[in-house]
Amino acid sequence: MENLRLFAFSTNVKGVPSRISFSLPTDSSFVISNQYRPNLFSGTMSPIVNMQAGEGIKEFYDDCCNILAAASRSSEEGVDALVDGLIAVINAHIARCGRLIFGDLMIYIDCWVHILKGAGVSDQDARDYYSVELGILLSIFLPHIKDDATLVPFSETETFRIVKQHVNQVAIRLNGAPFF
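The written sequence of each chain sets the order in which its residues are numbered from 1. Totals for whole chains, interfaces and linings use every residue, but because this is a predicted model, local features are given only for residues with pLDDT of at least 70 and side-chain atom pairs only at 80 or more, for both listing and counting. Processing note: side-chain calculations cover all non-hydrogen atoms of the structure and skip hydrogens and water entirely.

(A) The nonpolar core, seen in detail. Grouping buried Ala, Val, Leu, Ile, Met, Phe, Trp, Tyr and Cys residues that are joined through side-chain atoms within 4.5 Å yields what is termed a nonpolar core. Buried, partly exposed and exposed residues are distinguished by accessible area as a fraction of the type maximum, computed with a 1.4 Å probe on protein chains only: under 20%, between the cut-offs, and over 50%, respectively. Counting residues in each nonpolar core, the largest one holds 48 residues, and the members touching the most others are Leu82, Ile90, Leu105 and Trp112. Contributions of two or more residues to this core are made by strand 1 (2-10), strand 2 (19-27), helix 1 (57-72), helix 2 (78-97), helix 3 (102-118), helix 4 (123-141) and helix 5 (158-175). For this core, the leading source of residues is helix 3, giving ten residues. Contact between two residues is taken to exist if any of their heavy atoms lie within 4.5 Å; hydrogens are not considered. Among all residues touching Leu82, those that are not within four sequence positions of it are Val13, Val16, Ile67, Leu68, Ala71, Trp112, Ile115 and Leu116. Under the scheme used here, helices are H or I runs from DSSP no shorter than 4 residues and strands are E runs no shorter than 2 residues, and both carry numbers assigned from the N terminus.

(B) Expanded view of the packing of helix 2 against helix 4. Only the contacting stretch of a helix is used when fitting its axis, a line to C-alpha atoms as for every element, and angles between N-to-C directions run 0 to 180 degrees. Contact geometry for helix 2 and helix 4: axes closest at 12 Å, N-to-C directions at 45 degrees. What the angle tells us is that helix 2 and helix 4 run oblique. Here helix 2 runs over helix 4; the crossing is right-handed. Seen from helix 2, the contacting residues are Val79, Val83, Leu86, Ile87, Ile90, Asn91 and Ile94; seen from helix 4, they are Tyr129, Glu133, Leu137, Ile140 and Phe141. Note on residue classes: Ala, Val, Leu, Ile, Met, Phe, Trp, Tyr, Cys and Pro are nonpolar, Asp, Glu, Lys and Arg are charged, and everything else, Gly too, is polar. Residues belonging to the contact of helix 2 with helix 4 are distributed by class as follows: ten nonpolar, one polar and one charged. Roughly parallel covers angles under 35 degrees, roughly antiparallel covers those over 145, roughly perpendicular covers 65 to 115, and oblique covers all other angles. Whether a crossing is left-handed or right-handed is set by the direction in which the near helix is turned from the far one by less than a right angle, anticlockwise for left-handed and clockwise for right-handed.

(C) A look at the packing of helix 1 against helix 2. Two elements in contact, helix 1 and helix 2, have axes whose closest approach is 7 Å; the angle formed by their N-to-C orientations is 120 degrees. By the criterion of interaxial angle, the relationship of helix 1 to helix 2 is oblique. Our pair here, helix 1 against helix 2, has a crossing hand that is right-handed. Within the contact between the two elements, helix 1 uses Asn66, Ile67, Leu68, Ala70 and Ala71 and helix 2 uses Ala81, Leu82, Gly85, Leu86, Ala88 and Val89. Across the contact of helix 1 with helix 2, the residue classes tally to nine nonpolar, two polar and no charged.

Keep in mind these values describe shape, not function.
What follows is the structure, given as structure tokens:
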């Protein structure tokens, strides 16, 4: 049975409201955080990215806190500081694990985009930010990203090809040029 759970954070990030809150559905001890993920499908039309996803409530809360803590140390402000926080958390994950599973990357972006949404970003902007940031993070961290099921390099998967195509479509819509 799903319930809504309020997540509230106090921040120290320049250009971001000092209090951010949002509600997400939870199922026992699991938060469902994939609301802004792009809808991506394989050639068989089965969903490959936007399946119901998330992580434990405590882990989700801790990931959001870690992004905000790292963002508070950034010399940037607003969204740029939050991006710095996201990148710092991903770097820490890679340093700790030696790699980044694609699903973990998506969960970190879920946390980040819900922080943006809690700071007042519109639904459409949250979806666009998600896709753009996914492309940026893939370009930065691709050598470290592995497929969830097989642990092969993510760059060798059909999912990577589909994600690149999606990111390029969003980039063309927003900027008139593909990202990759």
